[in-house]
Amino acid sequence: MLDGYAFWMSTPNLDFLEIAANAGFKRVVCDVEHNGFSPDRREALVVAARALGLKVFFKIEGPEPVWVQRALDLDVDGVIIPHCGRLETSRAALETTKFPPMGTRSYAAGRSARFSPPDAGYFERCNREILCLPMIETAEAFGDIEAILAHDCVDGVFVGPFDLALTRGRKTYAFTDADRTDIARIAQAAKAAGKPWWIPAWKPQEQQFAIDEGAAVRVIAAEHQVLMAGLASVIGQLSQRADQ
């Protein structure tokens with residue numbers, strides 16, 4: 001049921017991670033960019049996700065090789081790279097996701113290599129299986145979407161609806177006709193390139209639109225959203241007598 005979905009973590013909350021895994025999720029997106037994921041907690045979260053059978057994806061701090069490398073060394077299943085501009089300004093970060101000769105990633109003996117010497121297929125397997133998903137959330141990246149998708153190191157794209165709307169001159173993201181038109185263009189470009197696209201889709205109408213447009217993964221169940229909804233549900237069930 002949840003094969004085409006992922007849940008969103010804003011803090012390294014291992015309880016939330018386990019609850020979501022128990023609910024049937026198979027993927028988690030960790031918003032490292034905007035929140036307090038200290039290095040030791042990132043490591044613990046990846047180990048826990050692995051033990052729970054979850055694929056774990058880090059939305060890293062920015063399009064800088066150092067942040068890409070540090071995430072990959074923790075053995076994540078993919079990096080979501082925010083603030084990408086045109087291909088040429090993002091190329092160094094994108095190419096850090098793959099080992100040579102395909103890219104420029106540096107080998108680290110450790111968790112990402114299972115603490116063992118790499119076997120004969122290790123580098124090729126990493127290049128194939130670990131996903132590089134640049135975010136399309138700026139007007140520059142939107143304008144260069146075909147070139148970004150054509151890069152060999154790019155496995156797909158991740159839509160950032162709010163920042164995309166703002167940088168495209170709208171006051172906010174409200175799932176308007178203009179918003180849907182932009183997202184549909186990204187979807188069409190991804191389809192033409194034969195690569196998947198992901199999107200955070202918090203509301204049912206966004207989720208259905210994403211399905212209709214062929215999104216590979218819809219990210220739902222944001223941690224703070226779930227907490228607020230849970231509290232609202234509990235408060236809503238209070239009886240009038242209990243309030244007195």
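Below is a short write-up of the structure. Since we're looking at a predicted model, the values are computed, not measured.

Some thoughts on the sheet that holds strand 7 (residues 197-200)
Alright, step 1. Spatially, the eight strands close up into a barrel ordered 1-2-3-4-5-6-7-8, and their pairing is parallel. Direction aside, neighbouring strands of the sheet carry axes that sit 25° apart on average.
Alright, step 2. With four bridges connecting them, strand 1 (residues 5-9) and strand 8 (residues 217-222) associate as parallel partners. Of the residues in strand 8, the one forming a bridge with Y5 is R218.
Alright, step 3. Across the sheet, helix 11 (residues 223-236) is in contact with strand 1 and strand 8; its angle to strand 8 comes to roughly 45°.

Details of a nonpolar patch on the surface
Alright, step 1. On the surface, L231, I235 and L238 cluster together to form a nonpolar patch covering roughly 310 Å² of accessible area.
Alright, step 2. Its location among the elements puts L231 in helix 11.

Here we look at helix 3 (residues 65-73)
Each α-helix turn comprises 3.6 residues. Residues three or four places apart therefore point the same way.
Alright, step 1. For helix 3, the full list of buried residues reads V68, Q69, A71 and L72. Relative to the axis of helix 3, the buried residues are bounded by an arc of 165° and lie together on one face.
Alright, step 2. Turning to helix 3, the residues buried within the fold contact strand 3 (55-59), strand 4 (78-81) and helix 4 (87-95).
Alright, step 3. Directly beyond the C-terminal end of helix 3, a positive phi value near 80° is found at D75.

Describing unusual backbone geometry
Alright, step 1. The peptide bond linking P100 to P101 adopts the cis configuration, its omega dihedral lying at 5°.
Alright, step 2. Topologically, P101 is positioned in the loop between helix 4 and helix 5 (122-129).
Alright, step 3. Of note, the phi angle at H83 is positive, near 60°, even though the residue is not glycine.
Alright, step 4. Structurally, H83 is set in the loop between strand 4 and helix 4.
Alright, step 5. Judged by relative accessible area, H83 falls into the partly exposed class, the value being 38%.

What counts and how
- Residues numbered from 1 in each chain as written.
- Predicted model: local features only at pLDDT ≥ 70, side-chain atom pairs only at ≥ 80, totals over all residues.
- Heavy atoms only, no water.
- Pairing = 2+ DSSP bridges.
- Helix = DSSP H or I, 4+ residues; strand = E, 2+ residues; numbered from the N terminus.
- Axes fitted to C-alpha atoms, helices over the stretch in contact; angles between N-to-C directions.
- Contact = heavy atoms within 4.5 Å.
- Patch = residues over 30% accessible without salt bridge, like charges linked within 9 Å, V, L, I, M, F, W, Y side chains within 5 Å.
- Areas by Shrake-Rupley, 256 points an atom, 1.4 Å probe, with all protein chains shown as cover.
- Salt bridge = Lys/Arg side-chain N within 4 Å of Asp/Glu carboxyl O.
- Buried < 20%, exposed > 50% of the residue type's maximum accessible area, 1.4 Å probe, protein only.
- Arc of directions from axis to C-beta.

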